[in-house]
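# Breakdown of the fold
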Amino acid sequence: MSAKSLYFTRIAGLVFAFLLLEWLASKMIARADLPFGLSLVAYIVPTLPVLGIFPLAINYTKNNPVTKLSARRRAPVRRYMVRLGMGLFFYILVLMVSVAALNRFDLSTQVKSILAVLTALPIGWIIWAMGRFIADPDIDEFERMIITRSLLLSTGLTLFFAAIWGFLENFAQAPDFPLYILVPVFFGLFGMVQPFVRRGYK
Amino acid sequence: MKNRLRVLRAERKWSQAVLAEHLDVSRQSVNAIETGKYDPSLPLAFRIARLFEQPIEAIFEDAEDA
């Protein structure tokens, strides 16, 4: 199996694991008699496959025989991975705290709204980090183009998917799709479309 | 954009990887430029010209309909 198809398979595996865990968690969380500790676990576990992206991405940029970038050109990747790591860490932290607070206290709608926005803030940070990554002056210009095109393609596909599901909900009573899952859908697609974008320049 | 990069590289008996190292770009960039599927930025085009000690227009073909 080539390095590229191995990478593709692993990314697809992570996305599949995430969606499966998320689905299982949603079933668990829906149960009213679930103890608080278990619901906390149900919230955290689905985000764990996301962490698998780190070793994968670092290994990919380091050993990728196709791109083989110099240390200077790899630095933007490292900076991005560090920012992504910080984002994911704070996301999980804020999510845990929010879930705990929501379960333990009878909060007002205002406080709940603030918690909701706080939980989403690290996601905003990650999106900012992606923007910084493609604007990094040290990034290989061809890689920048591949990543920019992949980001646009995955954004478009995510919006397309959202439109399809939205109409399915309206017209055909499809189950409610939690909007925040669009974020991992987007990240998964971003990983999956890259080999195809690359193929266009061979 | 058509160019003579592959010829110039062959004259020096460099692999794509060696040229990529000289230009501090990815090996894939060199391949995409050689096949005319990716046009390098102006700074990179100047780096290529400096490396081969030739003017840019002697390396890249200025096709008017491109």
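Residues numbered from 1 in each chain as written. Chains lettered and ligands numbered in written order. Predicted model: local features only at pLDDT ≥ 70, side-chain atom pairs only at ≥ 80, totals over all residues. Heavy atoms only, no water.

### Observations concerning the packing of aromatic side chains
Here is the rule we go by: Aromatic rings from Phe, Tyr and Trp, taking only the six-membered ring of Trp, are treated as a pair when their centres fall within 6.5 Å; an angle between ring planes under 30 degrees marks them as stacked, one over 60 as edge-to-face, and anything in between as tilted. For every residue, the accessible area obtained with a 1.4 Å probe (protein chains only) is divided by the maximum for its type, and the residue is called buried under 20%, exposed over 50%, and partly exposed between those limits.
Throughout the structure, instances matching the rule amount to twelve aromatic pairs over all chains. Judged by centre distance (5.5 Å) and plane angle (80°), the rings of A:Phe89 and A:Phe90 are edge-to-face. Residue A:Phe90 is classed as partly exposed on the basis of its relative accessible area, which comes to 42%. Aromatic side chains B:Trp14 and B:Phe52 sit 5.9 Å apart centroid to centroid with 40° between the ring planes, which places their arrangement in the tilted category.

### Examining the domain arrangement of chain A
All names here are of chain A. Rule in force here: Residue ranges assigned to the domains are those given by an automatic or database domain assignment. The contact criterion used throughout is that any non-hydrogen atoms of two residues lie within 4.5 Å. In this description, buried area is defined as the sum, over both parts, of the accessible area (probe of 1.4 Å) that is lost when the two are combined. Think of a salt bridge as a Lys or Arg side-chain nitrogen and an Asp or Glu carboxyl oxygen that are within 4 Å of each other.
Domains assigned within chain A are domain 1 (1-68), domain 2 (72-138) and domain 3 (140-202). Using C-alpha coordinates to define each centre, domain 2 is positioned 20 Å away from domain 3. The partner domain 3 presents nine residues to the ten residues of domain 2 that form the contact. Counting each side, the surface lost to burial between domain 2 and domain 3 is near 780 Å², with a carbon and sulfur contribution of 76%. Our count for the contact surface shared by domain 2 and domain 3 stands at zero salt bridges.

### Description of the interface of chain B and chain A
On the side of chain A, 15 residues touch chain B, which itself brings 15 residues to the contact. Between chain B and chain A lies a buried interface of about 1,300 Å² when both sides are counted; carbon and sulfur atoms form 43% of it. The largest contributions to the chain B side of the interface with chain A come from B:Asp24, B:Gln28 and B:Tyr38, which together make up 47% of the buried area. Taken together, the links from chain B to chain A amount to two salt bridges.

### Here's the deal with unusual backbone geometry
Residues and elements named next belong to chain B. So the rule is basically this: Numbered from the N terminus, helices here are DSSP runs of H or I no shorter than four residues, and strands are runs of E no shorter than two.
Positioned with a positive phi, Lys 13 is a non-glycine residue whose angle comes to about 60°. Positionally, Lys 13 belongs in the loop between helix H1 (5-11) and helix H2 (16-23). The backbone phi angle of Glu 53 is positive, close to 50°, even though this residue is not glycine.

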